[in-house]
Structure formats: C-alpha cells, structure tokens
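Architecture at a glance
So the chains spell out like this:
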Amino acid sequence: GSEAACERVPEEEAAEDRLKEHMDSLLDRSAKTRQAALRSLRLAFSCRSLSELLLERRLSLADSLEKCLRKGGGAGGGGPGPGAVRPVPEGSLVLPAGKGEEQALAGTVLTLLCLQMGSGPEGEELFRSLKPLLTGVLADSTGSPSARQSCAMALGVCCYIAAADLE
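Quantities reported herein were computed from a predicted structural model and do not represent experimental measurements. (Residues numbered from 1 in each chain as written. Predicted model: local features only at pLDDT ≥ 70, side-chain atom pairs only at ≥ 80, totals over all residues. Heavy atoms only, no water.)

Before going further, it helps to examine the overall build of the protein chain. Within the protein chain, the secondary structure is distributed over six helices and zero strands. When the helices and strands of the protein chain are listed from N to C terminus, the series reads α-α-α-α-α-α. Of all intrachain contacts in the protein chain linking residues separated by at least 6 positions in sequence, the fraction that spans at least 24 positions is 77%. Surface accessibility of the protein chain: about 9,900 Å² in total, with carbon and sulfur atoms responsible for 55%. (Helix = DSSP H or I, 4+ residues; strand = E, 2+ residues; numbered from the N terminus. Contact = heavy atoms within 4.5 Å. Areas by Shrake-Rupley, 256 points an atom, 1.4 Å probe, with all protein chains shown as cover.)

Right, here's the structure in full:
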C-alpha cells in the first residue's frame, strides 16, 4: 500500500507543476497560448479535486482569469475601448475568429474554480471580486453569445455556491 502511494507522489508533483505552468500561461501575450492554458485548466478542474493547490494560488489565478475576461472582449486588451465603433470586415456579420472564445473559456474555468473553492470564505471572496466583471460581460449586448452564456453560467453557479447573502 505505502509503496504505491510513494510511486504516485512524483506523478502528482509533475501534474501540479503542469497546472502551475498553465496558470502562468494565462498571462502570456499570445491569445492562443492563453486559450490553450484555459482549455487545460478546464480539463484539470473537471477531472480532479485540486482545492489545496488552488487555495494557495487562488488570488493570482483569479487575477489571471480577470485579465482573460477583459482581454477576450477587447476592453483593456489594446483594442478600441467600450463604446468605440469597431470596424466590421466587409460582408461579415460574424465576430473575428477567437473573439469572445477566451472570455467563454475563462467563464467556464471560473465556474469550475468556484466549485473547487466551495462555499467557504475563499469562494465568497472569489465570487465577490469577479461578479462585477461577469455582470459586465453578460450585459454587453455586442459581446460574443458564447462568452455571455459562459459568464451567465458562472454567475449562476458561483452565486448559488459562494454568495454569502441573497442578492
């Protein structure tokens, strides 16, 4: 029994190291790198309980997810600011590829993070800090439908799990 446990330790450490790398990749300048990191985190958070690791890194992870939610929509990401007229390619009614995808992935990862944190003070703090941004993405009628849906799901699930009082 104890031999099997000892053999798993290096494997678990390697998995934790990969998770930390994915968390660090959320701050990469490349949207593709951030999206790949969000996909990897989504899978990891869906498959196993990581609350101990996430408790240690929750503040930096929440900050990174906030930046992904902002960058994915263009606000704060170097594009036109809120209310600015964005040029639409001629003959296209579709948002540019990847626009909103990062927000949708970040909303899903945030939902899973909230589930991992649970109903304690850490989950409440996470929800309270990101609620205004989620509400903003949801209220933006020009935003990506998948991003808005993902943020609506995050708001609903996180509110159910982590809201300290009825809102």
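We are not done yet, so read on.
Another aspect to go through is helix H5 (residues 121-139). For H5, spanning 19 residues, the distance from its first C-alpha to its last is 27 Å, which sits close to the expected 27 Å at 1.5 Å a residue. Roughly 45° is the biggest bend found in H5, and it falls at Leu130, with proline Pro132 one to four residues downstream. Among the residues of H5, those classed as buried are Gly123, Leu126, Phe127, Leu130, Leu133, Leu134 and Val137. (Expected span 1.5 Å × (residues − 1). Bend = angle between axes of the 7 residues up to and from the residue. Buried < 20%, exposed > 50% of the residue type's maximum accessible area, 1.4 Å probe, protein only.)

A separate point is the nonpolar core. One finds Phe45, Leu61 and Leu65 to be the most contacted residues of the largest nonpolar core, which totals 38 residues. Put simply, the parts of the chain that give this core at least two residues each are helix H1 (2-25), helix H2 (31-47), helix H3 (51-73), helix H4 (101-117), H5 and helix H6 (145-162). Contacts of Leu65, omitting those with residues within four sequence positions, involve Leu26, Leu38, Ala106, Val109, Leu110 and Leu113. (Core = buried A, V, L, I, M, F, W, Y, C linked by side-chain atoms within 4.5 Å.)

To continue, consider a negative patch on the surface. A grouping of Glu13, Glu16, Asp17, Glu21, Glu52 and Glu56 is seen on the molecular surface, where their side chains present a negatively charged patch. Looking at the negative patch, the elements with two or more residues in it are H1 and H3. Per-element tally for the negative patch: the top contributor is H1, with four residues. Along the chain, the position of Asp17 falls in helix H1. Its relative accessible area of 45% is what places Asp17 among the partly exposed residues. (Patch = residues over 30% accessible without salt bridge, like charges linked within 9 Å, V, L, I, M, F, W, Y side chains within 5 Å. Salt bridge = Lys/Arg side-chain N within 4 Å of Asp/Glu carboxyl O. Lys, Arg positive; Asp, Glu negative; His and termini not counted. Charge placed at Lys NZ, Arg CZ, Asp CG, Glu CD.)

Before going further, it helps to spend a moment on the confidence of the model for the protein chain. In the predicted model, the protein chain carries a mean pLDDT of 80, and 76% of its residues have values of at least 70. Throughout residues 74-97 the model reports pLDDT below 50, and contacts reaching past four residues in sequence, or to other chains, amount to ten contacts. (pLDDT = per-residue confidence, 0-100.)

Before going further, it helps to examine the packing of H4 against H5. Where H4 contacts H5, the axes come no closer than 10 Å and their chain directions differ by 160°. When the interaxial angle is binned, H4 and H5 end up roughly antiparallel. Of the two elements, H4 crosses H5, and the hand of that crossing is left-handed. Packed against H4, whose contacting residues are Gln103, Leu110, Leu113, Cys114 and Met117, the element H5 presents Glu122, Gly123, Leu126, Leu130, Leu134 and Val137 at the interface. In the contact of H4 with H5, the residues fall into eight nonpolar, two polar and one charged. (Axes fitted to C-alpha atoms, helices over the stretch in contact; angles between N-to-C directions. Parallel < 35°, antiparallel > 145°, perpendicular 65-115°, else oblique. Left-handed = near helix turned anticlockwise from the far one by under 90°. Nonpolar A, V, L, I, M, F, W, Y, C, P; charged D, E, K, R; others polar.)

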